[in-house]
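Chain by chain, the residues:
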Amino acid sequence: MRISVIGCGYLGAVHAAGMAELGHDVVGIDVDPAKVAALARAEAPFHEPGLTELLRANRARLLFTTDIAAARDARVHFIAVGTPQSADSDAADTRYVDAAVEALLPYLRPGHLVVGKSTVPVGTAERLAVSVASTGARLAWNPEFLREGRAVADTITPDRLVYGVAEGDAVSVAALDEVYESIVARQTPRIVTDLATAQLVKSAANAFLATKISFINAMAEIAEAVGADVVQLADALGHDARIGRAFLGAGLGFGGGCLPKDIRAFRARAGELGVPDALGFLADVDSINLRRRTRVADVLEQELGPLIGRRIAVLGLAFKPDSDDVRDSPALAVAAMLRDRGGDVVATDPVAIPTARARDPFITYRSNTDDALRDADAVVIATEWAQFRALDPVATGQMVANRLVVDARNVLDVDAWRSAGWIVRGLGRAHALRVEDPRAVQHEPEGAAEREPDHV
Ligand code: UDX
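If you're wondering where the values come from, they're calculated on a predicted model, not measured in any experiment. (Residues numbered from 1 in each chain as written. Predicted model: local features only at pLDDT ≥ 70, side-chain atom pairs only at ≥ 80, totals over all residues. Heavy atoms only, no water.)

Asker: I'm lost on the overall build of the protein chain in this one. Help?
Answerer: The helix and strand inventory of the protein chain stands at 19 helices and 14 strands. The C-alpha radius of gyration of the protein chain comes to 24 Å, within 12% of the 23 Å expected for a compact globule of 456 residues. Referenced to the eigenvectors of the C-alpha coordinate spread, the extents of the protein chain come out at roughly 75 × 45 × 45 Å. By residue count, 55% of the 456 residues in the protein chain fall in the buried class. Counting contacts in the protein chain only where the partners sit at least 6 residues apart, residues at least 24 apart contribute 72% of the total. Carbon and sulfur atoms make up 53% of the accessible area of the protein chain, which totals about 18800 Å². Charged side chains in the protein chain number 49 positive and 62 negative. The centres of these two groups are separated by 2 Å. (Helix = DSSP H or I, 4+ residues; strand = E, 2+ residues; numbered from the N terminus. Rg over C-alpha atoms; globule rule 2.2 N^0.38 Å. Buried < 20%, exposed > 50% of the residue type's maximum accessible area, 1.4 Å probe, protein only. Contact = heavy atoms within 4.5 Å. Areas by Shrake-Rupley, 256 points an atom, 1.4 Å probe, with all protein chains shown as cover. Lys, Arg positive; Asp, Glu negative; His and termini not counted. Charge placed at Lys NZ, Arg CZ, Asp CG, Glu CD.)

Here it is in C-alpha cells:
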C-alpha cells in the first residue's frame, strides 16, 4: 500500500520507517529541510536505537520530501506532527495538526483515509473529520504508544492497536487492518472504538503512567520523612500483580516531550469540557514531579552548604537513557537549577549535549565523562545511562575532589559506593538519612572497604 506520513519527528520518522518495514511504499513529509535531507540519506535526525538501520534496510520503499504534493499518490495519510504546550496556557497547541490536514486537503480523494496519530485534545478528530469529509475521504484516529529509545520495536511490534472510527465505518477499519496486516495476524489486541475514545486512550495512558511515577515519588517524600526506603517499598508493592513494578521507579521523575505536556493539556481540556474536577489531581501529579528536581538541589546544599563556586558534575542531560531528547528533561532542569544556585556545573551526556546546548548554552558541557568528573565537589546521576550505572566507584573516587554522589535515579550499588568512601544520597532512600558519616574515610577507599563492609 502507498502511505504518506506527515511530520517526521520522533513519532513520524519512526512510523514512516516502520511502515516501510511492514512492506508499504512510504513518503515522509516534513517542513524541516535538514530533517528531510538526513532521512533521505537514511540517517536518523535524532538518537533512536535501530532507526538508522531500519531506514537503510527499507531505503527502496522510503521517500522523504518537504513537498506535501507527494502525498497525492498515497491512499492512507498518517498525521504525526507535534502538539506542543501552548505558549500562554497548559492547553495543547493543535495548530500543526490543523495545518497538516489543511495542506493535505487538495490531495485527498474519495477512498483515501487520513489517520491521526498525534496526541490531541479529545474533540480534535471530530473537528478535522468535517473538513476531511468535504473531499470524500475519511478520517480515523490511531494513537501510538511508542516510547523513545524503544520506538522501533514499539512501532513494529506494538502491544495493542487502537482504531477510532466514525460509527459503522467498516471501510476505515479494513484499511487500517491492511496497513497493519502482519501485526493483526500475530493476534495483537485490537480495539475498534469511536473517535472520542481513541483520542482519550492516549491521554489517559500518559496520565496514568505519570500518576504512577508521581505516586511513588510522593512515597519517596514520605520515606525521606521517616527514614524508610522507597526502592524496597516499590519492590514490595510491585509483587502485587494488581499494582505491578513497572513505572514505580522513584527518583528525579518524568520528563520528555509527552508526559509533562500531555497531563497539562489533558487537565486543561477537562476544564474546557466543564469537568475540571475530574482531572484536578493531575496538578498534584505535576507538582510532585517538579518537586523532585528541587529536592536534588536541596540535598546538595545540605551536604555542601551554599553551592556558590562548588564544582558539580551532572551525569546525564537526556530525559531518559537511549535518547538525545532534552524536552522538559529533569536532568537538564537540575543542571540549570544548580547553576542558578551558584554551582560551577559541568554536565555530560553520551548523546544529548548538542540538544542540551541548543536549549541552555550557559551550562558547561564536557563530552568526556572523566572531564566532567575531574575535581568535582559532588556528582549527580541525573539520567540512568548504562555507562553511569557502571561507573567504578574506586576509579571515579580518584578523579573527584570530594566523594559525594547524589543518585537521583536510585540506580547505583550503594554498598559498593559507600565502601569506596563515598557519601551516597539517593531520593527517598533510607541510607540517605543514616547518621553514620563516611566522610571520615572518604580519601582512604581501600581501608574504607574493610572498615565499613556493609554500611547500608
Ligand atoms: C511516554 C509513554 O511511555 C509512551 O507510551 C507515549 O507514547 C509517549 O510518552 P516516553 O516519553 O518515551 O514515552 O518515555 P517513558 O519511558 O514513558 O518515560 C517517561 C519519563 O518517566 C522519563 O523521564 C523517565 O525517566 C520517567 N520514569 C519512567 C520514571 O521517573 N520512573 C519510572 O518508573 C519510569
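Once you've had a look at it, read on.
Asker: Would you explain the sheet that holds strand 13 (residues 404–407) in this entry?
Answerer: Paired through backbone hydrogen bonds, the strands of a sheet run either parallel or antiparallel to each other. Here six strands make up an open sheet; going across it, the order is 11-10-9-12-13-14 and the pairing parallel. One side of each edge strand has no neighbouring strand; the edge strands of this open sheet are strand 11 (364–365) and strand 14 (423–426). One ladder, built from four bridges, connects strand 13 with strand 14; its direction is parallel. Bridge pairing in strand 14 links Val 406 to Arg 425. Those strands touched by helix 12 (residues 281–304) are strand 9 (311–315), strand 12 (378–381), strand 13 and strand 14, and its axis lies near 160 degrees from that of strand 13. Strands in contact with helix 13 (residues 330–340) are strand 9, strand 10 (344–348), strand 11 and strand 12; relative to strand 9, the strand with the most contacts, it is inclined by about 175 degrees. (Pairing = 2+ DSSP bridges. Axes fitted to C-alpha atoms, helices over the stretch in contact; angles between N-to-C directions.)

Asker: Help me understand helix 2 (residues 33–40) in this model?
Answerer: In an α-helix, one turn spans 3.6 residues, which is why side chains three or four residues apart end up on the same side. Here helix 2 has its buried residues at Val 36, Ala 38 and Leu 39. Along the axis of helix 2, the buried positions cluster into a sector of 160 degrees, meaning they face one direction only. Counted as exposed and oriented over 90 degrees from the buried face of helix 2: Pro 33 and Ala 34. Tucked inside the fold, the buried residues of helix 2 contact helix 1 (12–21), helix 3 (51–57) and strand 3 (62–65). The backbone nitrogen of Ala 34 has a side-chain oxygen 2.9 Å away, supplied by the residue at the start of helix 2, namely Asp 32. At the exit of helix 2 stands Ala 42, carrying a positive phi of roughly 65 degrees. (Arc of directions from axis to C-beta. Polar contact = N/O pair within 3.5 Å; in protein donor to acceptor, adjacent residues only side chain to side chain.)

Asker: Explain the domain arrangement of the protein chain to me, please; I cannot follow it from the model alone.
Answerer: Often the size quoted for an interface is simply the accessible area lost on bringing the parts together. Structurally, the protein chain comprises domain 1 (2–193) and domain 2 (228–426). For domain 1 versus domain 2, the separation of C-alpha centres amounts to 32 Å. For the pairing of domain 1 and domain 2, the buried interface totals around 1400 Å² over both sides, and the portion due to carbon and sulfur atoms is 52%. Area buried by domain 1 at its contact with domain 2 is led by His 47, Asp 90 and Glu 148, which between them contribute 41% of it. With a closest N to O distance of 3.2 Å, Glu 148 and Arg 327 form a salt bridge. Here domain 1 is connected to domain 2 by nine residue pairs in polar contact (both at pLDDT 80 or more). Looking at the side of domain 1 that touches domain 2 residue by residue, the classes come out as eight nonpolar, six polar and three charged. (Domains from an automatic or database assignment. Buried area = accessible area lost by both parts, 1.4 Å probe. Salt bridge = Lys/Arg side-chain N within 4 Å of Asp/Glu carboxyl O. Nonpolar A, V, L, I, M, F, W, Y, C, P; charged D, E, K, R; others polar.)

Asker: What am I meant to see in the site of the ligand here?
Answerer: Around the ligand sit 20 residues in total, of which Phe 145, Leu 146, Glu 148, Gly 249 and Lys 320 are the nearest. Between an oxygen atom of the ligand and a main-chain N or O atom of Phe 145, the distance comes to 2.8 Å. A distance of 2.9 Å separates an oxygen atom of the ligand from a polar backbone atom of Leu 146. Taking 660 Å² as the accessible area of the ligand by itself, protein coverage stands at 90%. With four residues, the top contributor of residues to the shell around the ligand is helix 9 (residues 195–226). Of the residues contributing to the shell around the ligand, the split by class is 10 nonpolar, four polar and six charged. Domain assignment of the residues forming the shell around the ligand places at least three in each of domain 1 (2–193) and domain 2 (228–426). (Near = heavy atom within 4 Å.)

Asker: How should I be thinking about the nonpolar core in this particular structure?
Answerer: Proteins that are soluble and globular tend to have nonpolar side chains buried together. If you look at the biggest cluster of nonpolar residues, it comprises 52 residues, and the most contacted ones within it are Val 296, Leu 300, Leu 338, Val 379 and Val 380. Ranked by residues supplied to this core, first place goes to helix 13 with six residues. Setting aside chain neighbours within four positions, we find Leu 338 in contact with Ala 297, Leu 300, Leu 307, Ile 312, Val 314, Gly 343, Val 345 and Val 380. Counting residues in hydrophobic clusters, the runner-up holds 39 residues, among them Leu 62, Tyr 163, Val 179 and Tyr 180. (Core = buried A, V, L, I, M, F, W, Y, C linked by side-chain atoms within 4.5 Å.)

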